[in-house]
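The lines below spell out each chain.
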Amino acid sequence: MRVKRWEWAQRPVVVWMCLVLLAALPPAALAQAVPPQQTTTAPLVDLRLEPFLSGLEEPLFITNAGDGSNRLFIVERTGRVRVARDGVLQAEPFLDISERIISAGQHQGLLGLAFHPQFATNGLFFVSYTALDGANTVERYRVAEGQADTADPASGVVILAVPDRASDHNIGMLAFGPDSYLYVGTGDEGGYGDPFGNAQNLTSLYGKLLRLDVDAEGVPYAIPPDNPFAGRDDARGEIWALGLRSPWRFSFDRATGDLWLGDVGEARWEEINYQQAGSPGGVNFGWNLMEGATCFPIGSDCDPQAFTPPLAVYGHTEGCSVTGGYVYRGSASPALAGGYIFGDFCTGRIWMLHNDDGSGWQRTELLDTGHYISSFGEDEAGELYLTDLDGGTVLKLTAEEQYPQPRITALDPDYALPGSGPLTLTIYGSGLTAATTVLWDGVPQPTTLFGTTRVTIDISVDQLVDARAVTLQVVNPAPGGGASNTATFTISTEDPSAASFRAVWARTDQPVADMVAARTWMWGPAFGEPLQEMALESPNGMRTVQYYVKARMEISAPGVDMQADWYVTSGLLAKELITGQMQIGISDFVDRGPAQVNIAGDPDDPHAPTYATFAPLLAVPAHAAGAVLTKTLDRSGVVGDDPSLATYGVLAFEYVAPTGHTVASVFWEFMQSSGAIYRDGAVTEGPLFANPFYAVGYPISEAYWTTVSVGGVPRLVLVQAFERRVLTYTPDNPPGWQVEAGNVGQHYYRWRYGE
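Now for a quick tour of the structure.

## Concerning the overall build of the protein
Logical step 1: Counting secondary structure elements, the protein contains seven helices and 54 strands.
Logical step 2: Here the C-alpha atoms of the protein give a radius of gyration of 30 Å, agreeing with the 27 Å that 2.2 N^0.38 yields for 755 residues.
Logical step 3: Seen through its principal axes, the protein has C-alpha atoms that stretch 100 × 65 × 45 Å.
Logical step 4: Counting over 755 residues, the protein shows a buried share of 55%.
Logical step 5: Long-range contacts, defined as pairs at least 24 residues apart, comprise 58% of the intrachain contacts of the protein with a sequence gap of at least 6.

Shown next, in the form of structure tokens:
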């Protein structure tokens, strides 16, 4: 994480305390739920930053006056508002109140600027700053008579001044809404965790979004009568929304009137909050009882249903201070149309939130800029700019649509009998668009697109006459784009992989299917025929796979001995579900986002851990060898300790060096066990697996006790994630069924294919 040069000297002591507290927490205490939106890393937008203005002193904000002049106004933290005409910074400031403000602290200075909707006729505008006495202040000014580029410094009228006990989390952003009221964002007054208790206090103006009528006669401002708390004795009528920590930048979508607000986080999460136009107000965004979508502080209990969750969050592995932005409504960069553009001050990353097909909001990283993004801003045409605090510059954002490089990741089905058909062939992949072409032996086919990951073509009887191998590719146009890898569709009398899959399944599952063995199913029933999936190192870049309820079988190297133990494998299904990384090659992955699917028990159980719950736990150090397992885990990822669980006598048994985790004794016993297996057409006794890690892979987490519902009944289970499976131990199950493998095959198939 980078720290600005001036922050070293001026960062408030309380912020350093926050960092110390965070660093002191054990890794398990930091484990929390994964953000609710997906993150993509292959943007369809080629974003560029063009130098626009330079020579500024700590620029914090850029905006326009909406008066038809096409001027841009830049706020400098040290107390000046600068004006630019036709991209030229004017020598004289528009406003200079540097003698009236304090800017010693990192969060202090001249912080916000908003022009009255009728600025063209009344010349009024508003600024926010920290006054010499530390008060958070909003002041109204007027343009000097006959001087369009100069404000009258004597015209200032303070309309709001709130005494302040700390230097950080101040009034920063001002903006007029589509209702012509002035909205004022106030931080929680400062300190770690809102020590003054402001954000949830309706009698305090701090930690809020205020809504003021600044056109009222005879008073600095009036309270709009439809404000949610207007007229109440137990609340400040100015409040429009509450539960905010530091709403540094917010904006209104100029097309819809929707409110978008970036709230700077504390220990773990940065968040984007959203309020649809027409809302009656009174929304509680949760701080300081929640941070992001999880309870605050770590390990505390809260009722998330009582608050409005953020639309999107990102953790402090990606940044440390969100800079809210704007929904793009300009015309120069159609590739950004309708996307919400925002960034991070610390890392300089820029993302776009978009909901292209209505299936949910996705976060796409557009650019890693290296700039300290203090703000975004719009010109009168809706084009976007950003201010770089450290570089003293303003840059303009431009973008063009960039078609992705497409990939084929699977075919379903991947073969057909000669003379059969017609059939619909589903091609799964990444980077598919409405412009994608499917080539069948080089000939374009009519397609039906389903999002960005699935396209179908209809194959006629005439195309399936002769036994042969058909090559399939998908192609995207330029710029970007290109042809995908090649997949093979086989017209054959038999799928060559079917016999191998049947043999592996039969060894451990046939005895259960024949009811001659009572123990855990390893594969479960199959659903669907074998299909092809992308595997870059396999012949033609594709491997043959088949999905079962509890696993998947795959043939990645068909050239080796069919009797070899590793000819048919299971794939790193659980690891991919937990990390969100879909493996398509030894070191190649497609980012899908961790799976928000319960790992055990009823799928609609709201309390059971999900695969995503385990994502932060992969880095937690191993339990000491021989230790009795008493650690607990809840759905949000909070790890606890219940000494009473020692009565079950489960130990951290076998340390596995490749992943740095220890296998719980009950699972190690299962992996080493023998029983009835099917071999050479008959049931016999033997080890379930020649290699204990064949079916489950190496452990990637420690084992934790949790509670899941099974048929609506809460059950105590021990859960451990391995590369290929998630194993559970239910001590009150009958012998032989205490250790079970979850339905990871079914979960993975739905996660990978969205079905």
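## Topic: the sheet that holds strand E17 (residues 259-263)
Logical step 1: The strand order across the open sheet built from four strands is E16-E17-E18-E22, with neighbouring strands paired in antiparallel fashion. Lying at the two open borders of the sheet, with one neighbouring strand each, are strand E16 (249-252) and strand E22 (312-315). Ignoring which end each strand starts from, the neighbouring axes of this sheet average 10° apart.
Logical step 2: In this sheet, E17 lies alongside E16 in antiparallel orientation, the contact comprising four bridges. Along E17, the bridge assignment pairs serine 251 with tryptophan 260.

## Some remarks on the pairing of strand E36 (residues 454-459)
Logical step 1: As defined by bridge partners, strand E32 (residues 423-430) adjoins E36 across six bridges and the pair is classed as antiparallel. Bridge pairing links leucine 423 to isoleucine 459 in E36.
Logical step 2: Following strand E35 (residues 448-450), the chain reverses through three residues before pairing antiparallel with E36; glycine 451 in that reversal takes a positive phi of roughly 65°.

## Here's the deal with the sheet that holds strand E11 (residues 151-162)
Logical step 1: Across the sheet, which stays open at both edges, the four strands sit in the order E8-E9-E10-E11 with antiparallel pairing between neighbours. Either end of the sheet is taken by a strand with one partner, and the two such strands are strand E8 (110-115) and E11. Sheet twist, expressed as the average angle between the axes of neighbouring strands with direction ignored, equals 25°.
Logical step 2: Two elements, strand E9 (residues 124-130) and strand E10 (residues 136-143), share seven bridges in a ladder whose sense is antiparallel. Across the sheet, tyrosine 129 pairs through a bridge with threonine 137, a residue of E10.

## Quick word on the pattern of salt bridges
Logical step 1: If you walk through the whole model with that rule in mind, you get 27 salt bridges.
Logical step 2: Linking glutamate 76 and arginine 80 is a salt bridge whose minimum nitrogen-to-oxygen distance equals 2.9 Å.
Logical step 3: For glutamate 76, a relative accessible area of 0% gives the class buried.
Logical step 4: Judged by relative accessible area, which is 22%, arginine 80 ranks as partly exposed.
Logical step 5: Its salt-bridge partner being arginine 211, residue aspartate 179 comes within 3.0 Å of it at the nearest N-O pair. Here aspartate 179, found in the loop between strand E12 (171-176) and strand E13 (182-186), pairs with arginine 211, found in strand E14 (residues 208-212); they are 32 residues apart in sequence, far enough to count as distant.
Logical step 6: Exposure remark for arginine 211: the relative accessible area of 4% places this residue in the buried category.
Logical step 7: Here the salt bridges do not stand alone but share partners, grouping Glu533, Arg543, Arg552, Glu554 and Arg752 into one network.

## Observations regarding the nonpolar core
Logical step 1: Ranked by internal contacts, the top residues of the largest apolar core, which has 54 residues, are Leu425, Trp440, Phe489 and Phe614.
Logical step 2: Sorting elements by how many residues they give to this core places helix H7 (residues 744-753) first, with five residues.
Logical step 3: Setting aside residues up to four positions removed in sequence, phenylalanine 614 forms contacts with Ile578, Ile599, Pro609, Leu633, Ser701, Glu702, Tyr704, Val719 and Ala721.
Logical step 4: Formed by 51 residues, the second largest nonpolar core is a distinct cluster that contains Leu95, Ala241, Phe252 and Leu261.

## Some details on unusual backbone geometry
Logical step 1: Along the chain, tryptophan 287 connects to asparagine 288 via a cis peptide bond; the corresponding omega equals 10°.
Logical step 2: Checked against the element boundaries, asparagine 288 lands in the loop between strand E19 (283-284) and strand E20 (290-291).
Logical step 3: Cis geometry is adopted by the peptide bond preceding proline 479, which originates at alanine 478 and carries an omega value of 0°.
Logical step 4: Mapped onto the secondary structure, proline 479 falls in the loop between strand E37 (468-476) and strand E38 (482-483).

## Notes on the state of the cysteines
Logical step 1: Under the criterion given, the structure shown has two disulfides.
Logical step 2: Two residues share a disulfide in this structure: cysteine 295 and cysteine 302, whose sulfurs sit 2.0 Å from each other. On the S-S bond that ties cysteine 295 to cysteine 302, the torsion sits near -85°, and the link is left-handed.
Logical step 3: By relative accessible area, which is 19% here, cysteine 302 ends up buried.
Logical step 4: Each sulfur in the disulfide pair cysteine 320 and cysteine 346 lies 1.7 Å from the other. With cysteine 320 in the loop between E22 and strand E23 (322-327) and cysteine 346 in the loop between strand E24 (340-344) and strand E25 (349-354), this pair connects stretches of sequence that are 26 residues apart.

## Quick notes on the pairing of E32
Each regular strand displays side chains that alternate between the two surfaces of the sheet.
Logical step 1: The buried fraction of E32 amounts to seven of the eight residues, a majority that puts the element mostly inside the structure.
Logical step 2: Judged from the five bridges that link them, strand E30 (residues 407-412) and E32 form a sheet pairing that is antiparallel. Opposite alanine 410, over in E32, you have tyrosine 428 as the bridge partner.

## Focus: the side chain of serine 204
Logical step 1: Looking at the secondary structure, you find serine 204 in the loop between E13 and E14.
Logical step 2: At a separation of 3.1 Å, a polar atom in the side chain of serine 204 contacts the main-chain amide nitrogen of tyrosine 206.

## Concerning the environment of threonine 409
Logical step 1: Note that threonine 409 resides in strand E30.
Logical step 2: In sequence terms threonine 409 and valine 590 are 181 residues apart; their C-alpha atoms lie 9.8 Å from each other.
Logical step 3: Apart from the residues lying within four places of it in its own chain, the contact partners of threonine 409 are Tyr428, Gly429, Gln532, Glu533, Met534, Met542, Met582, Ile584 and Arg752.
Logical step 4: Here glycine 429 takes part through its backbone nitrogen, which lies 3.3 Å from a polar atom of the side chain of threonine 409.

## With respect to H7
Logical step 1: Counting buried residues in H7 gives eight out of ten residues, a clear majority hidden from the surface.
Logical step 2: Of all the positions in H7, only Val744, Gly745, His747, Tyr748, Tyr749, Trp751, Arg752 and Tyr753 are classed as buried.
Logical step 3: Just beyond H7, the residue with positive phi is glycine 754, at close to 65°.

## Brief notes about the side chain of serine 484
Logical step 1: On the secondary structure map, serine 484 appears in the loop between E38 and strand E39 (487-491).
Logical step 2: The class for serine 484 is buried, based on a relative accessible area of 7%.

## Quick look at the packing of aromatic side chains
Logical step 1: Inspection of the entire model under this criterion finds 38 aromatic pairs.
Logical step 2: Between the aromatic rings of phenylalanine 614 and tyrosine 704, the centroid separation amounts to 6.4 Å while the plane-to-plane angle is 65°, which identifies the pairing as edge-to-face. You can see phenylalanine 614 sitting in the loop between strand E44 (588-591) and strand E45 (631-633) and its partner tyrosine 704 sitting in strand E51 (residues 704-710), a full 90 residues away along the chain. By the burial criterion, phenylalanine 614 is buried, and tyrosine 704 matches it.
Logical step 3: Ring plane angle 85° and centroid distance 6.2 Å describe the contact between phenylalanine 667 and phenylalanine 722, whose orientation is recorded as edge-to-face. With phenylalanine 667 in helix H6 (residues 665-671) and phenylalanine 722 in the loop between strand E52 (713-721) and strand E53 (726-729), this pair connects stretches of sequence that are 55 residues apart. With respect to class, phenylalanine 667 is no different from phenylalanine 722; both count as buried.
Logical step 4: Sitting over the face of the ring of phenylalanine 450, arginine 454 holds its NZ or CZ atom 4.7 Å from the ring centroid.
Logical step 5: Residue placement shows arginine 592 over the ring face of tryptophan 751; its charged tip is 5.8 Å from the ring centre.

Rules used in this analysis
Sequence order as written defines the numbering, with residues in each chain counted from 1. This being a predicted model, a pLDDT of at least 70 is required before a residue's local features are given, and a value of 80 or more before pairs of side-chain atoms are given or counted; all residues contribute to the totals for chains, interfaces and linings. By convention in this description, side-chain values take in all heavy atoms of the structure and omit both hydrogens and water. The numbering of helices and of strands both runs from the N terminus, where a helix is a DSSP run of H or I of at least 4 residues and a strand a run of E of at least 2. Two things to know: the radius of gyration comes from C-alpha atoms, and the globule rule equals 2.2 Å times the number of residues to the power 0.38. The buried label goes to any residue with under 20% of its type's maximum accessible area, the exposed label to any with over 50%, and the partly exposed label to all in between, with areas taken from a 1.4 Å probe on protein chains only. Only heavy atoms matter for contacts: two residues are in contact if any of them lie within 4.5 Å across the pair. At least two bridges found by DSSP between two strands are what make those strands a pair. Comment: axis = line fitted to C-alpha atoms, over the contacting stretch for helices; angle = value between 0 and 180 degrees taken between N-to-C directions. Salt bridges, as used here, are contacts in which a Lys or Arg side-chain nitrogen is within 4 Å of a carboxyl oxygen on Asp or Glu. The nonpolar core is taken to be a set of buried Ala, Val, Leu, Ile, Met, Phe, Trp, Tyr and Cys residues, with the residues joined through side-chain atoms within 4.5 Å. A pair of cysteine sulfur atoms is labelled a disulfide when the two atoms are within 2.5 Å. Identification of polar contacts relies on pairs of N or O atoms within 3.5 Å, with a donor-acceptor requirement for protein atoms, meaning one able to donate a hydrogen and the other able to accept it, and with residues adjacent in sequence counted only if both atoms are side-chain atoms. Paired rings are identified among Phe, Tyr and Trp, the last through its six-membered ring, by centres lying within 6.5 Å, and are further divided according to the angle between planes into stacked (under 30 degrees), edge-to-face (over 60) and tilted (the rest). In our convention, an over-ring charge means Lys NZ or Arg CZ found within 6 Å of a ring centre and within 35 degrees of that ring's normal.

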